[in-house]
Amino acid sequence: MATTHTHSAARLMMAPSVILLLLWMIVPLSMTVYFSFLRYNLLMPGTESFAGFMNYRFFLTDPAFFQAIGNTLILVGGVLFATVAGGIALALLLNQPMFGQGIVRILVIAPFFVMPTVSALVWKNMLMNPVNGLFASLARFLGFQPIDFLSSIPLTSISLIVAWQWLPFATLILLTALQSLSEEQNEAAEMDGANAWNRLIYIILPHMARAITVVVLIETIFLLSVFAEILVTTNGGPGTESTNLTYLVYMQALLQFDVGGASAGGIIAVILANIVAIFLVRMIGKNLED
Amino acid sequence: MGSIRLENVSKHFGEHAVIPSIDLEINDGEFVVFVGPSGCGKSTLLRLIAGLEDVTGGRILIDGDDATAKPPAKRGLAMVFQSYALYPHMSVRSNIGFPLKMANLDKAEIDRKVNDAAAILNLTDYLERKPRALSGGQRQRVAIGRAIVRSPECFLFDEPLSNLDAALRVNMRLEISELHQQLGATSIYVTHDQVEAMTMADKIVVLRAGNIEQVGSPLELYRSPANLFVAGFIGSPKMNFIDGKAAEEFGAHTIGIRPEHVALSTESGKWMGKVAVSEHLGSDTFLHVDVPELGHITTRTDGEFPVRHGDTVFISPDPERLYRFNADGLAA
Amino acid sequence: MEVQARSNYFHHFWNSVAISLGSTVIGLLIAVPAAWAMAFSPTKRTKDILLWMLSTKMLPAVGVLVPIYIIFRDLGLLDTRIGLIIIMMLINLPIMVWMLYTYFKEIPGEILEAARMDGATLGKELVYVLTPMAIPGIASTLLLNIILAWNEAFWTLNLTASKAAPLTAFIASYSSPEGLFYAKLSAASTMAIAPIVILGWFSQKQLVRGLTFGAVK
Ligand SMILES: Nc1ncnc2c1ncn2[C@@H]1O[C@H](COP(=O)(O)OP(=O)(O)O)[C@@H](O)[C@H]1O
Ligand SMILES: [Mg+2]
């Protein structure tokens with residue numbers, strides 16, 4: 001492969017991607033850092049002034065901020081738990097030979113391809129609506145008082161919607177991992193006297209460990225920025241009960257036009273995401289070696 | 001027409017001198033086998049000849065012309081890769097015809113040559129298939145077909161049989177040898193399997209860690225290995241090596257005894273030992289014998305030799321066919 | 001009224017098509033050479049560059065929302081298709097490079113060497129050997145990125161109002177129940193998701209690979 005004079009051509013071919021991504025990363029991010037130290041409101045142009053850490057102080061003393069952090073963590077944690085547990089179960093189920101496997105698979109992964117605004121609207125109006133939603137009818141049919149999901153348990157409801165969207169992703173990846181488990185290994189364990197439960201604990205789950213980690217890390221990256229589902233269903237409310245960090249920054253920026261405050265919030269979100277990203281990049285980097 | 005000469009050829013990958021310096025002469029029409037343990041630099045040497053890697057130093061002469069700086073396609077060589085490297089999206093016909101198409105031959109000419117090659121290789125019925133629809137042996141033949149249509153001066157083979165099963169390997173070995181007789185072009189064949197080397201080669205080049213240990217015909221290497229490494233590498237089962245007192249008795253630091261060069265007896269002989277494992281193949285009998293003074297000795301006798309695990313046997317070396325080595329491991 | 005709604009719908013549908021196709025095609029033009037170079041002419045830094053590209057994907061959108069909004073406002077890119085095409089292309093570029101890289105990596109080097117031995121010049125190698133072998137990988141990347149761009153719902157919601165709004169944003173505006181609401185919601189939703197669910201079904205394998213950056217195949 002490697003004789004001579006190919007490396008400079010290679011550099012040239014990589015240049016556009018590298019330069020674009022470098023610009024995309026550095027320019028706006030440094031602007032955000034800069035803005036976060038300014039008193040700057042879009043509605044009052046020309047009044048920008050240096051504000052030191054005021055924006056950060058403002059954010060870090062705002063009870064809404066801590067609630068947003070808490071909500072973010074609950075949303076991420078809850079959805080992760082639901083999708084990983086559900087994903088393992090579904091993957092095990094779909095891995096069994098059964099009638100109509102192809103169709104079932106399509107149905108299981110379909111939600112992932114539904115655009116977030118559509119799925120949020122469908123859940124809000126057709127399933128969770130307290131008057132004519134499916135859940136309300138079901139509750140009445142069973143003799144219960146229907147509850148108004150999005151106003152009484154907004155965060156749980158949003159988590160449910162998001163989990164529904166991400167369950168296919170977890171299932172698909174875990175199923176792929178499961179299918180790479182050699183049948184011989186399973187049979188060897190069976191010969192060694194391991195029952196189904198033991199095989200799950202000692203053979204199957206350890207085999208899927210890497211895929212599970214990948215699911216957790218990648219979902220975390222995306223779940224930290226859940227946005228459309230909140231915008232469409234609750235607008236962060238009631239109050240700030242279902243506001244996550246992303247939504248809080250959005251409100252600060254595009255509803256209150258507080259550039260400085262929103263930038264400070266954005267930087268905090270970047271820091272949070274980076275903590276996760278470090279682990280993810282390490283892991284994928286290791287993977288690149290083999 | 002197809003002579004190749006390496007002068008002082010060396011290859012470094014960064015700091016790592018994979019081939020320190022090699023001189024080698026390959027004559028027109030010869031079947032030369034590079035043999036050596038895996039990682040010793042056989043493929044690298046072949047790829048230097050092919051032009052797929054640049055030499056770090058030295059010259060490569062093909063037919064007396066300096067080809068060191070020529071691109072691969074201009075060297076008049078054809079290569080058969082270990083993985084076959086068939087173009088997966090092309091039919092067998094297009095695969096074999098590809099080098100001709102690259103040489104801008106006209107369609108009729110290409111078809112004629114491809115058909116000829118296919119006939120030689122028994123591929124006529126498979127010409128319209130894609131490589132993935134072929135068996136391992138057939139793919140191998142397509143790779144060879146792609147090489148022969150160009151009528152190159154020299155064929156290069158890099159472990160072409162290592163992906164085939166044992167029976168097919170023996171078949172293909174014969175086919176390649178036959179093809180060589182038929183075409184008469186120079187061939188350089190890389191393998192780590194000394195049986196392939198012994199059966200196919202006119203000339204064997206034994207490599208170790210990028211250096212040539214010995215060059216010679218198969219029987220030369222078998223009869224007079226230059227050193228311990230070659231002695232141990234050529235021949236199957238492996239030569240027995242004995243040092244210490246027993247070797248001194250023969251005036252050497254180490255002696256080597258091939259398993260087939262001993263006389264076995266159940267009554268008397270030079271060394272007494274107990275059979276650890278006996279392998280009865282019908283045509284031959286292999287015994288693995290524990291001899292207290294020498295250690296573990298392997299023997300081979302023609303036909304049946306009726307002993308079992310635990311039996312006592314006597315081993316006597318054939319003094320005419322005993323190999324003596326000095327303290328440096330060189331033949332003495 | 002009905003006609004009005006229908007033409008609206010198609011207006012946004014075309015926005016979705018233009019944005020997802022446009023960003024993917026431009027992205028591919030930029031990503032293919034990069035992935036190609038990294039797969040076939042790797043250097044010591046290739047791995048670091050790949051990981052760095054990946055890390056840009058992990059930058060949360062809100063971290064750059066404000067400056068992008070301001071830049072777009074100042075350049076007149078707010079509520080334009082071209083603006084969204086640029087953003088979609090940038091946020092998906094790392095995934096494209098990664099996916100293509102893992103596909104190109106699978107083309108065995110020996111095949112390229114065989115082509116060189118067979119006398120193919122670089123141009124012919126590209127036309128007869130490399131391109132046909134790379135097309136499946138490129139097609140998969142194309143498919144997955146169309147899906148991702150079609151469904152993207154942060155930038156589309158924040159940077160468009162009506163003119164350039166794709167279906168994600170258009171459908172989000174259906175938030176208060178009014179006459180024929182359910183029928184309209186169902187119809188619009190079905191049309192918005194049907195093409196992509198079909199594409200998605202074709203590309204489930206690539207989805208795993210693309211979204212895990214090749215960590216799971
Ligand atoms: N492109 C390369 N870069 C660095 N080292 C290499 C490269 N190719 C081969 N080597 C090293 O050169 C040595 C010989 O390799 P090779 O010629 O493939 O051995 P063989 O074919 O005899 O098994 C090995 O140690 C291998 O790691
Ligand atoms: Mg080799």
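Notes on the structure in this doc start here.

How each quantity is defined
- Residues numbered from 1 in each chain as written.
- Chains lettered and ligands numbered in written order.
- Predicted model: local features only at pLDDT ≥ 70, side-chain atom pairs only at ≥ 80, totals over all residues.
- Heavy atoms only, no water.
- Helix = DSSP H or I, 4+ residues; strand = E, 2+ residues; numbered from the N terminus.
- Contact = heavy atoms within 4.5 Å.
- Areas by Shrake-Rupley, 256 points an atom, 1.4 Å probe, with all protein chains shown as cover.
- Buried area = accessible area lost by both parts, 1.4 Å probe.
- Salt bridge = Lys/Arg side-chain N within 4 Å of Asp/Glu carboxyl O.
- Polar contact = N/O pair within 3.5 Å; in protein donor to acceptor, adjacent residues only side chain to side chain.
- Near = heavy atom within 4 Å.
- Nonpolar A, V, L, I, M, F, W, Y, C, P; charged D, E, K, R; others polar.
- Patch = residues over 30% accessible without salt bridge, like charges linked within 9 Å, V, L, I, M, F, W, Y side chains within 5 Å.
- Buried < 20%, exposed > 50% of the residue type's maximum accessible area, 1.4 Å probe, protein only.
- Phe/Tyr/Trp six-rings, centres within 6.5 Å; stacked < 30°, edge-to-face > 60°.
- Arc of directions from axis to C-beta.

## Digging into the overall build of chain C
Across its full length, chain C holds 10 helices and 0 strands. Long-range contacts, defined as pairs at least 24 residues apart, comprise 81% of the intrachain contacts of chain C with a sequence gap of at least 6. Accessible surface, chain C as shown: approximately 8,000 Å² in total, 70% of it carbon and sulfur.

## A short note on the environment of A:Q101
For A:Q101, the location among the structural elements is in helix 4 (residues 101-109). Excluding its chain neighbours within four sequence positions, the residues that come into contact with A:Q101 are A:L94, A:N95 and A:Q96.

## Side note on the interface of chain C and chain B
With 15 residues of chain C in contact, the opposing surface of chain B contributes 27 residues. Summed over both partners, the interface of chain C with chain B buries about 1,700 Å², with 62% contributed by carbon and sulfur atoms. Broken down residue by residue, the surface that chain C buries against chain B is led by C:E110, C:M117 and C:D118, which jointly contribute 41%. Here chain C and chain B share 2 salt bridges between them. Among the ionic pairs, B:R146 bridges to C:D118, the shortest N-O distance being 3.7 Å. Here chain C and chain B share 8 residue pairs in polar contact (both at pLDDT 80 or more) between them. By residue number, the principal contributor to the side of chain C that touches chain B is helix 5 (residues 109-117) of chain C, which donates 7 residues.

## Section: the site of ligand 1
All names here are of chain B. Around ligand 1, the neighbouring residues are F13, H16, V18, S38, G39, C40, G41, K42, S43 and T44. Taking G39, its main chain carries an N or O atom lying 2.6 Å from an oxygen atom of ligand 1. Relative to its unbound accessible area of 560 Å², ligand 1 is 59% covered by the protein chains. If you list the elements that add at least two residues to the shell around ligand 1, you get strand 2 (16-26) and helix 1 (42-50). Top element by residues in the shell around ligand 1 is helix 1. It accounts for 3 residues. For the shell around ligand 1, the per-class residue count stands at 3 nonpolar, 6 polar and 1 charged.

## Points about a nonpolar patch on the surface
A contiguous nonpolar surface patch, about 430 Å² in accessible area, is contributed by A:I19, A:L22, A:L23, A:I26 and A:V27. With respect to the helices, strands and loops of the structure, A:I19 is situated in helix 1 (residues 7-35).

## A word on the side chain of B:D284
Residues and elements named next belong to chain B. Residue position: D284 is located in strand 15 (residues 284-291). Here D284 falls in the buried class, since its relative accessible area comes to 11%. In this structure the side chain of D284 is engaged in a polar contact, spanning 2.8 Å, whose partner is the side chain of S283. What D284 contacts, discounting residues up to four positions off in sequence, is E279, R300, T301, D302 and G303.

## What to know about the packing of aromatic side chains
Residues and elements named next belong to chain A. All chains considered together, the criterion is met by 33 aromatic pairs over all chains. With centroids separated by 5.2 Å and ring planes inclined at 75°, the aromatic side chains of F65 and F66 adopt a geometry described as edge-to-face. Ring plane angle 35° and centroid distance 5.8 Å describe the contact between F227 and Y247, whose orientation is recorded as tilted. Taken as a pair, F227 in the loop between helix 10 (196-223) and helix 11 (228-233) and Y247 in helix 12 (residues 245-255) lie far apart in primary sequence, 20 residues in all.

## Here we look at helix 4 of chain A
Residue and element names in this part refer to chain A. For helix 4, the set of buried residues is R105, V108 and I109. The buried residues of helix 4 occupy an angular sector of 85° when the element is viewed end-on, so they sit on one face. In helix 4, the exposed residues that point more than 90 degrees away from the buried face are I103 and L107.

## Digging into the interface of chain C and chain A
The interface of chain C with chain A comprises 85 residues on the first partner and 76 residues on the second. For the pair chain C and chain A, the two sides together bury roughly 6,900 Å², of which 79% comes from carbon and sulfur. Interface area lost by chain C to chain A is led by C:W52, C:M58 and C:V62, which between them contribute 9%. Scanning the region where chain C abuts chain A turns up 0 salt bridges. Counting the contacts that link chain C with chain A gives 5 residue pairs in polar contact (both at pLDDT 80 or more). The residue inventory of the side of chain C that touches chain A, partitioned by class, reads 62 nonpolar, 16 polar and 7 charged.

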